[in-house]
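Close look at the chain arrangement
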Amino acid sequence: MSDIPNGWAEVAIVDVTKPFALTDPKGTPQKMYKYVDIGSIDNGSQSIANPKIIKGAEAPSRARRVIHTGDTLFSTVRTYLKNIAIVPAELDSQLTSTGIAVLRPNEAVDPRYLFMWTCSNKFVDEISLSQDGTMYPAVSDVDVTGALIRVPPLAEQRRIVAKIDSLSTKSRRARDQLDHIPRLVEKYKQAIVAAAFRGALTRQAGTHSDRAWDKISVDNLFEWSSGKNLPSKQQKVGNIPVIGGNGVSGYHNAALIDFPTLVIGRVGAQCGNVHRSDGPAWITDNAIYVKSISESIDLDFAALFFRASNLNSLAGGTGQPYVNQTTLNELMMPVPAVKEQREIVHRTNLAFAWIDRLASEASSARKLIDHLDQAVLAKAFRGELVPQDPNDEPASVLLERLRAERFDPGAMRRRGLGR
């Protein structure tokens, strides 16, 4: 315990928590309860996001534990998933599951300090070592309440909580902004493609032709064919890609076609997906492919055009959406010179690569924020986050007083702490 800061104590969680009550909601069959089970806890935000509304008569057998404002709820099942939350005021006197440990802080610990301690990776990792079972790994309440907690003086706990809350607000704001990046990426890509088909990309580069682009019906530029069914039982080991509506689904030892083509998903929720095949391939019957293409069209330019056309939004059918050859042939394709088409594809790919690089950096930053939050907790629990005050009452003194009061209930009443 030499590394514990002055004035701190290290005790079992049971020493800083109080008992909770059990109830049988079936005893009040018409009463409505809010019930917090494991599925009600959002382990991303560590909050109760979706409590269930149940009638006492219909309460599940596990709905037995009464919760109060400030309780920490710690799921004892698959603890590594970190289903942990603190009870808000609107859920006071409601219910939780017997699969959730209820940690009700006593006067030695600030409720949010206890909650933050249980959210730290160090605590969760140590608790997870106690899990029994493979299909349903879990720990017991005793494992949780017997685990150790470092307890600073109460005043210092509150300074720690205030500092962590302040830092968490900033990291949460950054996290929210970074979470918008994937949607922005798609919008930027759509904007780039729209600019490409207006000629803006090549105009900026000085490679845009002076003449207006012709718009020609797809029917006059492409010949389509449907793929052929290949049952999995007939599929043999080989290196020929088998391409369906959702891309490569496996490999075969024979090819249906031996030339580069575009493959477009024909049926299903993702119909209209566009895939590029560079050589021999087997196209399945849930896809359409380009059998022949006009010499005035570059294949990569065609792929860009069909992706930009959002074919899925043009799908017909209700129960089973579909895109067919008629859907494709009704489109009008802008047709610049082949040289300009290739320049458009090149510049679009460069812009996409730049955006994807930014998105990747944003994703890395998002992960770093999660690590930063945990680093803040680790620093806090080493006593390095806020300054200490030698005038604070040591945690050991407060804990000893509470232990004495446990055997002298009258002392608690005299201090006005009896419930």
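Residues numbered from 1 in each chain as written. Predicted model: local features only at pLDDT ≥ 70, side-chain atom pairs only at ≥ 80, totals over all residues. Heavy atoms only, no water.

Let's talk about the environment of Ile-13
We apply this condition: Numbering goes from the N terminus for both helices and strands, where a helix is a DSSP run of H or I of at least four residues and a strand is a run of E of at least two. Type-normalised accessible area, obtained with a 1.4 Å probe on protein chains alone, sets the label of each residue: buried when under 20%, exposed when over 50%, and partly exposed for intermediate values. In what follows, residue pairs with any heavy atoms lying within 4.5 Å of each other are defined as contacts.
Mapping Ile-13 onto the fold places it in the loop between β1 (9–12) and β2 (17–18). Under the relative-accessibility criterion, Ile-13 is labelled buried at 0%. In this structure the C-alpha to C-alpha distance between Ile-13 and Val-109, which are 96 residues apart in sequence, comes to 9.9 Å. Not counting chain neighbours up to four residues away, the residues in contact with Ile-13 comprise Leu-103, Phe-123, Val-144, Thr-145, Ala-147 and Ile-149.

So, the side chain of Asn-329
On the secondary structure map, Asn-329 appears in helix α8 (residues 325–329). If sequence neighbours within four positions are ignored, Asn-329 has contacts with Ser-217, Val-218, Asp-219 and Trp-224.

With respect to the sheet that holds strand β17 (residues 261–265)
What counts, and what does not: Two strands pair if DSSP finds at least two bridges between them. Interaxial angle, 0 to 180 degrees, is taken between N-to-C directions of lines fitted to C-alpha atoms, where a helix line uses only the stretch in contact.
Reading across the sheet, the four strands line up as β14-β20-β17-β18 and stay open at both edges, with antiparallel pairing between neighbours. The two strands at the open ends of the sheet, each matched to only one other strand, are β14 (222–226) and β18 (274–277). With direction set aside, neighbouring strand axes in the sheet form an average angle of 30 degrees. In this structure, β17 lies alongside strand β20 (residues 287–293), joined through three bridges in antiparallel fashion. Along β20, the bridge assignment pairs Ile-264 with Ile-288. Packing of helix α7 (residues 299–308) onto the sheet brings it into contact with β14, β17, β18 and β20, and relative to β18 it is tilted by some 165 degrees.

Some points on the packing of aromatic side chains
Just so we agree on the cut-off: Side-chain rings of Phe, Tyr and Trp, where Trp is taken by its six-membered ring, are said to pair if the distance between their centres is within 6.5 Å; with planes under 30 degrees apart they count as stacked, over 60 as edge-to-face, and otherwise as tilted. By definition here, charges over rings are those cases where NZ of Lys or CZ of Arg is within 6 Å of the ring centre and within 35 degrees of the ring normal.
Across all of its chains, the model carries nine aromatic pairs by this definition. With centroids separated by 5.5 Å and ring planes inclined at 85 degrees, the aromatic side chains of Tyr-113 and Phe-381 adopt a geometry described as edge-to-face. Of this pair, Tyr-113 sits in helix α1 (residues 111–119) while Phe-381 sits in the loop between α9 (338–380) and α10 (395–406), and the two are 268 residues apart along the sequence. This pair shows no difference in class: Tyr-113 is buried, exactly as Phe-381 is. Arranged with centres 5.3 Å apart and planes meeting at 55 degrees, the rings of Phe-197 and Phe-301 form a pair that is tilted. Residue Phe-197 is located in the loop between α5 (181–196) and α6 (200–205), and its partner Phe-301 is located in helix α7; the two are separated by 104 residues in the primary sequence. With respect to burial, Phe-197 and Phe-301 carry one shared label: buried. We note Lys-189 situated over the ring of Phe-352; from NZ or CZ to the ring centre the distance is 5.2 Å.

Points about α7
Of all 10 residues that make up α7, seven are buried, and the element is covered over most of its length. Those residues of α7 not exposed but buried are Leu-299, Phe-301, Ala-302, Ala-303, Leu-304, Phe-305 and Phe-306. Phi turns positive one or two residues past the end of α7, at Asn-310, with a value near 50 degrees.

Observations concerning the pattern of salt bridges
Put simply, the test is: Whenever a carboxyl oxygen of Asp or Glu lies within 4 Å of a side-chain nitrogen of Lys or Arg, that contact is scored as a salt bridge.
Enumeration over the complete set of coordinates arrives at 22 salt bridges. Salt-bridge contacts for Arg-403 lead to Glu-400; the nearest nitrogen and oxygen are separated by 3.3 Å. Taken together, the positions of Arg-403 and Glu-400, both in helix α10 and three residues apart, correspond to about one turn of that helix. On the basis of relative accessibility, which here comes to 48%, the residue Glu-400 falls in the partly exposed class. The network of salt bridges with shared partners includes Arg-175, Asp-179, Arg-366, Asp-370 and Asp-373.

Examining the sheet that holds strand β9 (residues 84–86)
Pairing is antiparallel across the open sheet formed by four strands, whose spatial order is β2-β11-β8-β9. On the outer flanks of this sheet lie β2 and β9, each paired with one strand and no other. Bridge count between strand β8 (residues 72–75) and strand β11 (residues 100–105): four bridges; the pairing is antiparallel. Each bridged residue has a counterpart across the sheet, and for Thr-72 the counterpart in β11 is Leu-103. With respect to the sheet, α1 is in contact with β2, β8, β9 and β11, its orientation differing from that of β9 by roughly 170 degrees.

Here we look at α1
Side chains that are three or four residues apart share a direction in an α-helix, a result of its 3.6 residues per turn. What counts is decided by this rule: Polar contacts here mean pairs of N or O atoms no more than 3.5 Å apart (in protein, one a potential hydrogen donor and the other a potential acceptor; neighbouring residues in sequence count only if both atoms are side-chain atoms).
Of all nine residues in α1, seven are buried; the element is thus mostly enclosed. For α1, every residue scored as buried is listed here: Tyr-113, Leu-114, Phe-115, Met-116, Trp-117, Thr-118 and Cys-119. The N-cap residue of α1 is Asp-110: its side-chain oxygen and the backbone nitrogen of Arg-112 are 2.9 Å apart.

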